[in-house]
Amino acid sequence: MTPWIDLRKLESMYRQKKKKRVRRDDANESKSNEAVVTDSDISLDAYLKKWAHQAPAYQVMKPLTDLLTTVPDVFPPANSKVESHEYFLKWREFSEEAFDEESGDELNAVLRKAMKKVKLFFHPDKLPADLTESQSKLFKTLWDIFMESEGIWIK
């Protein structure tokens, strides 16, 4: 009999994810040094625009794969502009490796599957009734961002 979970593989995946997150945090830190306005000084709309669009003008949407893998960055506690809610804990992170290994039609298939999960999680009719104003605004904005991004990136 073999164990259900290969702990060595799990630990190596965790180390890789941690290294990538550190690299992403370092890159974000260097980008944040360029910005005059800090995240604590901006509104929720500006925070989400900064998350979803590419610097420096924040007019061009980031690739869908980047948005999918960085969604937890806009949830509390990473985002201090939104109160915590148990619904945020239901989000399952997407692995960057899932998108890195694919290309062309295979990538489109993976993106379509990921977008089905996003649509189930962020759909306005599926959200809890007890959300605060900022939580509702976050979910509505994320829904709009993903629907716009889906039209751009999935062919």
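Preceding this section is the structure that the text describes.
The model shown is predicted, which means the values in this text are computed figures rather than measured ones.

Engineer: Looking at this structure, how should I read the overall build of the protein?
Structural biologist: Counting secondary structure elements, the protein contains six helices and zero strands. Seen in sequence order, the protein has helices and strands lined up from the N terminus as α-α-α-α-α-α. Counting across all 155 residues of the protein, residues that qualify as buried make up 32%. In the protein, once contacts between residues fewer than 6 apart in sequence are set aside, the share between residues at least 24 apart is 67%. Accessible surface, the protein: about 10700 Å² in total, of which carbon and sulfur atoms supply 55%.

Engineer: What am I meant to see in helix H5 (residues 105-122) here?
Structural biologist: Spacing of three or four residues puts side chains on the same side of an α-helix, whose turn is 3.6 residues. Over its 18 residues, H5 extends 25 Å from the first C-alpha to the last, a length consistent with the 26 Å expected when each residue adds 1.5 Å. When we look at burial in H5, the residues that qualify are Asn108, Leu111, Ala114, Met115, Val118, Phe121 and Phe122. On an axial view of H5, the arc spanned by its buried residues comes to 130°, and they lie on one face. Along H5, the residues that are exposed and aim more than 90 degrees away from the buried face are Asp105, Lys113, Lys116 and Leu120.

Engineer: Even after reading the chapter, I still don't get unusual backbone geometry, so can you show me in this structure?
Structural biologist: Excluding glycine, residues mostly have negative phi values, and the peptide bonds linking residues are mostly trans. Put simply, Ala55 and Pro56 share a cis peptide bond, and its omega is 5°. Counting through the fold element by element, Pro56 comes out in the loop between helix H2 (44-52) and helix H3 (64-69). In this structure, Pro77 follows Pro76 across a cis peptide bond, with omega equal to 5°. Topologically, Pro77 is positioned in the loop between H3 and helix H4 (96-100).

Engineer: Even after reading the chapter, I still don't get the nonpolar core, so can you show me in this structure?
Structural biologist: Soluble, globular proteins show a tendency: their nonpolar side chains are buried together. Core analysis: the biggest nonpolar cluster contains 33 residues, and Trp51, Leu68, Phe75, Phe122, Leu138 and Phe146 have the highest contact counts within it. When residues of this core are traced back to their parent elements, those giving at least two are H2, H3, H5 and helix H6 (133-153). Apart from residues lying up to four places away in sequence, Leu68 is in contact with Trp91, Phe94, Phe99, Leu111, Ala114, Met115, Val118 and Phe146.

Calculation notes
Residues numbered from 1 in each chain as written. Predicted model: local features only at pLDDT ≥ 70, side-chain atom pairs only at ≥ 80, totals over all residues. Heavy atoms only, no water. Helix = DSSP H or I, 4+ residues; strand = E, 2+ residues; numbered from the N terminus. Buried < 20%, exposed > 50% of the residue type's maximum accessible area, 1.4 Å probe, protein only. Contact = heavy atoms within 4.5 Å. Areas by Shrake-Rupley, 256 points an atom, 1.4 Å probe, with all protein chains shown as cover. Expected span 1.5 Å × (residues − 1). Arc of directions from axis to C-beta. Core = buried A, V, L, I, M, F, W, Y, C linked by side-chain atoms within 4.5 Å.

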